[in-house]
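Fold and geometry: a report
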Amino acid sequence: MERYKFDITKQALTISASFDEAMNDPTSEEYQLVRQFKHDFPRLTIVRKTHKTPTRYHNSDGSITTHNKHNGLTYERMERFILALSPKDDTDYLEAFYTVRKMAEAMCASPYAVVSEWFMKQFPMYRTNPLFYIDHQPDIIDFSAVLEKAKKTSIVEAESVEEPAEAV
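Quick summary incoming for the structure in this document. Quantities reported herein were computed from a predicted structural model and do not represent experimental measurements. Numbers given to residues run from 1 along each chain, matching the order in which its sequence is written. The model is predicted, so local features are restricted to residues of pLDDT at least 70 and side-chain atom pairs to those at 80 or more, both for listing and for counting; the totals for chains, interfaces and linings are taken over all residues. Here the side-chain values reflect all heavy atoms present in the structure, with hydrogen atoms and water set aside.

**Structural notes on the environment of isoleucine 134**
Going by this rule: Labels follow the DSSP assignment, with helices taken as runs of H or I lasting at least four residues and strands as runs of E lasting at least two, numbered in each case from the N terminus. Accessible area is worked out with a 1.4 Å probe on protein chains only. A residue is then buried under 20% of its type maximum, exposed over 50%, and partly exposed in between.
Relative to the helices and strands, isoleucine 134 is located in helix H6 (residues 132-135). Classification of isoleucine 134 by relative accessible area gives exposed; the value is 58%. C-alpha of isoleucine 134 to C-alpha of leucine 85: the two residues are 49 residues apart in sequence and 6.6 Å apart in space.

Here is the structure:
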């Protein structure tokens, strides 16, 4: 792994996180190197490298994909998909969606996570083959398990937050 990279035309020194940490010690080689660069190039800019975007995502269901499965999945897109899927007289999916959303907003700190998890469980082929649902109408799944999981998670998070000390 490269610890640093110097671009002479831009007068920019790109450093890694480990180089940045080592550079703070005046006795280190990294410190001496940066000092010499700054002496030789007074207009030197130091750029810290950030992490690289992952090329594979590990989803909570154990699957590995090349993209975040919730990327771009908004309430509006979920609703439009359900409306396109449901016949005009059948609103069961839409009613379930609104129920999950309403309950999640009332019970959870992060309602979007609960609603999107329910949506992805209800329509697992939404990302890979959304046309599958034109001919197949899956049964509405029970969303209580998703809500219970979210409640347990929020309870654990609430317990892990320390209460502030009382003023004396």
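**Some remarks on the environment of alanine 109**
Within the element layout of this structure, alanine 109 appears in the loop between helix H4 (92-107) and helix H5 (111-122). By relative accessible area, which is 72% here, alanine 109 ends up exposed. Counting along the chain gives 41 residues from alanine 109 to alanine 150, while the straight-line C-alpha distance between them is 8.8 Å.

**Looking at the sheet that holds strand E3 (residues 45-48)**
Heads up, the condition is: Paired strands are those between which DSSP finds at least two bridges. Angles shown run from 0 to 180 degrees and are taken between the N-to-C directions of axes, each axis being a line fitted to C-alpha atoms and, for helices, limited to the stretch in contact. In this description, contact between two residues means that some pair of their heavy atoms is separated by no more than 4.5 Å.
The three strands lie next to each other as E1-E2-E3, forming an open sheet whose pairing is mixed. Of all the strands in the sheet, the pair left with one neighbour each is strand E1 (4-7) and E3. Within this sheet the neighbouring strands show an average axis-to-axis angle of 20°, counted without direction. Summarising the sheet, E1 and strand E2 (residues 12-15) pair through four bridges and their orientation is antiparallel. Across the sheet, residue lysine 5 finds its bridge partner in E2, namely threonine 14. Packing of helix H2 (residues 29-40) onto the sheet brings it into contact with E1, E2 and E3, and relative to E1 it is tilted by some 5°.

**A few points about the nonpolar core**
Threshold: What is meant by a nonpolar core is a set of buried Ala, Val, Leu, Ile, Met, Phe, Trp, Tyr and Cys residues, joined one to another through side-chain atoms within 4.5 Å.
Phe97, Phe119 and Phe123 are the most contacted members of the largest nonpolar core, which has 25 residues in total. Among the secondary structure elements, those contributing two or more residues to this core are helix H3 (75-85), H4, H5 and helix H7 (144-160). Per-element accounting of this core gives the leading share, six residues, to H4. Core analysis: the second largest hydrophobic core is formed by eight residues, Leu13, Phe19, Val34 and Phe41 among them.

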